[in-house]
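Topology and contacts: notes
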Amino acid sequence: MKRIKSLAAILILVSLAGCNNKKQSSEPIQLPQDVTSKLSGSFSIGGAYALYPLIERLAEDFMTLHPDVSIEVVKTGTGAGVAGLISNQYDLAMTSRQLTDEEASAGIFVIQVAKDGVAPIVNQQNPYLGVLLDQGLSTDEFLRIFTSGNVLTWGEILKAGYKEQVNVFTRSDESGAADIWAGFIYRDRTALKGTGVEGDDEMIRRIQGDRFAIGYCNLSYAFDSLGKRISGIQIVPVDLDFDNKVGRSENPFKDLETAHRSLWLGYYPKSLCRELAVCSLGKPADLLIIEFLRYVLGEGQRSIKKAGFCELNNVYIRHSLQNLE
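Note that this is a predicted model, so its numbers are computed, not measured.

Per-residue confidence for the protein chain gives a mean pLDDT of 85; residues scoring 70 or more make up 87%. When the criterion is pLDDT under 50, residues 1–18 qualifies, and its contacts beyond four places in sequence or with other chains add up to 35 contacts. Below a pLDDT of 50 lies the segment residues 20–26, which in the model reaches 20 contacts outside its immediate sequence neighbourhood of four places, other chains included.

This part is about the packing of aromatic side chains. Here the structure, examined in full by the defined rule, presents 10 aromatic pairs. An angle of 15° between the planes, with centres 3.7 Å apart, marks the rings of Tyr128 and Tyr162 as stacked. Highlighted residues: Tyr128 in the loop between β4 (108–123) and α5 (129–135) and Tyr162 in the loop between α7 (154–158) and β5 (167–171), separated in sequence by 34 residues. Three or more aromatic residues joined by ring pairs make a cluster, and in this case those are Phe142, Phe146, Trp181, Phe184 and Tyr216. Note that Arg171 overlies the ring of Tyr49, its terminal NZ or CZ placed 5.0 Å from the centroid.

Within β4, 15 of the 16 residues are buried, which leaves it mostly tucked inside the rest of the structure. Pairing geometry for β4 and strand β9 (residues 273–281), over nine bridges, is antiparallel. Bridge pairing in β9 places Phe109 opposite Ser280. Two elements, β4 and strand β7 (residues 213–218), share five bridges in a ladder whose sense is antiparallel. By the bridge assignment for β7, Ala119 is matched with Cys217. Examined bridge by bridge, β4 and strand β8 (residues 233–235) share three bridges and lie antiparallel to one another. Counted as the bridge partner of Asn123 is Ile233 from β8.

Rules used throughout
- Residues numbered from 1 in each chain as written.
- Predicted model: local features only at pLDDT ≥ 70, side-chain atom pairs only at ≥ 80, totals over all residues.
- Heavy atoms only, no water.
- pLDDT = per-residue confidence, 0-100.
- Contact = heavy atoms within 4.5 Å.
- Phe/Tyr/Trp six-rings, centres within 6.5 Å; stacked < 30°, edge-to-face > 60°.
- Helix = DSSP H or I, 4+ residues; strand = E, 2+ residues; numbered from the N terminus.
- Lys NZ or Arg CZ within 6 Å of the ring centre and 35° of its normal.
- Buried < 20%, exposed > 50% of the residue type's maximum accessible area, 1.4 Å probe, protein only.
- Pairing = 2+ DSSP bridges.

In structure tokens form, the structure reads like this:
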């Protein structure tokens, strides 16, 4: 599926905020105190599972500041969120991938709010975990696992005598994570094979419950509120140079801080990184929605890391705020 080509100026800004950018000041931009103190009304937001925990938190904080405001946040997957936006089912959509040509042609206005990655995961009790952590899996091996549709054994993948079957899980919903994962192995989401599950929570539960399972999830879902890796799963290192050894920069993330540092320094594959956005149908004109987006890009940035995401840098945030004016 064709992707939207960005303008040169936007590309420069995106590169400044990309996964290989070093961390800048995490202090939120202070917005002018000219917001109407008595906001009221309601609106709805639907879309990406990846962005749901963050936007739900920000919506709750915003409603605490403005008791007469009601915001409904629904996790439906990026595709369903964009479709609901176009059909006026939602006022805003959460997205975790670039818009398609068809979606963009509807006049969708995009505001980037955070960064995240997609990670391959296996069960922590996989009997061959030591081998996986030592040698990792290459893109070719991931391609074979997730697109062949054949019954494979762990021995076939790890070139050993192991006979247990590889149980593959993928996303059945129209998720941005599936698009990113498919793109990483140079395929379209429709090429992914395996048992379909909806959402990151269900994916993680299925991997936790099967010693021989493999799947993928949004990186922020792989860690708990304290930044520790979720019990029962392990992130699989990617063998980027096909040498069957895991180098220093290919090590799986032991905690969220290490994961974010890897994203900032460009150690994690760029094709597994993405920016998360909130979209409207056309440039927002409703004062309530505009002030919510301004809050997300201002004081709300304090919640980005707490929710398990990478912050955008101030250059990109200022650009997004200017676009709202």
